[in-house]
Amino acid sequence: MTTAPFVWEKYCDELGPEKVVHLYDPQIGMRGFVVVDNTACGPAIGGVRMAADVTMDEVFRLARAMTLKNAAAGLPHGGGKAGIMADPRSSDKARLIRSFARSIREITSYIPGPDMGTDESCMGWIRDEIGRSVGLPRVLGGIPLDELGATGFGLARSAEVAAPFCQLKLQGARLAVEGFGNVGRPAAQRLAELGVKLVAASDSKGAIYQEQGIDVEQLIAAKHQSGSVTGYRQGTSIKPDDLFSVPCDILIPAARPDCIHAKNAASIQAKLILQGANIPATSEAETLLHQRRVVIVPDFIANAGGVICASVEYHSGTQGMAFDTIAQKIRENTHDVLTRSKADKVEPRQAAIDLARERVRSAMLLRKKD
Ligand code: NAD
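These numbers were taken from a predicted model, which means no experiment stands behind them. (Residues numbered from 1 in each chain as written. Predicted model: local features only at pLDDT ≥ 70, side-chain atom pairs only at ≥ 80, totals over all residues. Heavy atoms only, no water.)

Draft legend 1. Seen up close, the sheet that holds strand β8 (residues 206–209). Pairing is mixed across the open sheet formed by seven strands, whose spatial order is β9-β8-β7-β6-β10-β11-β12. If you trace the sheet from one side to the other, it starts and ends with β9 (236–238) and β12 (295–297), each paired once. Here the strands of the sheet are splayed against their neighbours by 20° on average, with no regard to which way each runs. Of the pairings in the sheet, the one linking strand β11 (residues 272–274) to β12 comprises three bridges and is parallel in character. Among the inter-strand pairings, Leu272 is bridged to a residue of β12, identified as Val295. Sitting on the sheet, helix α6 (residues 150–162) is in contact with β10 (250–253), β11 and β12, with an inclination near 155° to β11. (Pairing = 2+ DSSP bridges. Helix = DSSP H or I, 4+ residues; strand = E, 2+ residues; numbered from the N terminus. Axes fitted to C-alpha atoms, helices over the stretch in contact; angles between N-to-C directions. Contact = heavy atoms within 4.5 Å.)

In structure tokens, the structure reads:
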């Protein structure tokens, strides 16, 4: 497979990238890239994406997103990302990951974590090779962020702060979740604790709707048994795309990129959108929704629970410390971004980018210039 050359002019700006490295191990057949975007706040943390078609362009965009996410969360970390060009189902996965780890041994400004196609075991192999990675299995001192629902917990904290910005009471508010997985499922559970009523949920196999409210724990059991939310018999089956137009107050997209777009934005009835997935809405759709006064908490503010957990793990913190930090940082950032968006009359995403860039620039000013 060939990859398009990395065109520096297209990517370089005042923040980075600091390092763009191509990796190749001719003996194992491992090919990949690492982008260390910016390390002003500290060594870069970002996931390792394993996919046959992963591109340098994608890895760069994800690395920049991590710079902004980590800075917005006030973590002592910059942003980076890596890609390994291989099928994650490969029987050679461990050898490829170990080869990748050895190739990045000297790039000490980059700390790898899990992403699409890699998991806790992969982080264990990387740590075994080079002594650094986050998102480790519990036996290696890791805080299993997906098992604990760290990102969903953070989304619920964001909802608590965002609700008054759209005159919404969480008690009795109706929720629709696209993608009932590691982010969507715990978000529904945590919001249920606040009196929010789940009315619709989807996964890759289908979607369900129940006006009176879905029992979240029964839905989890039904999905566990049948492999899909459609196994919840009390609900009515709907088309997955119709989830975006059901009557609800809060919408959490927690699966695909760009699932909210110009064509379905007008039919969204929610007053509040908490972006669980990365880039779940096109910029055109975000503008349309903002014009309709729908409050959006952007992905890198609302879904930072996972990386905050990874950072606490890296600094030898405990599970309790991770959850306290997630709550504090996500509450604070949701408040700052929505307040700034209102005051500056800009969309929340722009307010979030401004806030994150300011933090990175301030950190850069503290660095030695020569
Ligand atoms: P996951 O694989 O656990 O869950 C994704 C869910 O989405 C699954 O239930 C899947 O069936 C469903 N899905 C897939 N295609 C769908 C479709 N077309 N329509 C409806 N549902 C569909 O993944 P996850 O960890 O929950 O991650 C979801 C998103 O959140 C991704 O964009 C990920 O990058 C982002 N994210 C995850 C974390 C984390 O802590 N896991 C943190 C930040 C961002």
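Draft legend 2. The arrangement of the side chain of Arg64 in detail. Tracing the chain through its elements places Arg64 in helix α2 (residues 56–72). Aside from chain neighbours lying at most four places away, what touches Arg64 is Asp13, Leu15, Gly16, Pro17, Asp37 and Arg357.

Draft legend 3. Quick peek at helix α3 (residues 93–103). Along α3, the positions that sit buried rather than exposed are Lys93, Leu96, Ile97, Ser99, Phe100 and Ala101. In this structure, the buried residues of α3 make contact with β1 (19–25), β2 (30–38), β3 (44–50), β4 (78–84), β5 (110–114) and α4 (120–130). (Buried < 20%, exposed > 50% of the residue type's maximum accessible area, 1.4 Å probe, protein only.)

Draft legend 4. Local environment of the site of the ligand. The full set close to the ligand counts 20 residues, and Asp146, Thr151, Asn182, Val183 and Arg256 are the nearest of them. Asn182 has a polar backbone atom sitting 2.9 Å from an oxygen atom of the ligand. Contact distances for the ligand include 3.5 Å between a nitrogen atom and a backbone N or O atom of Asp203. Burial of the ligand by the protein amounts to 71% of the accessible area it has alone, namely 830 Å². (Near = heavy atom within 4 Å. Polar contact = N/O pair within 3.5 Å; in protein donor to acceptor, adjacent residues only side chain to side chain. Areas by Shrake-Rupley, 256 points an atom, 1.4 Å probe, with all protein chains shown as cover.)

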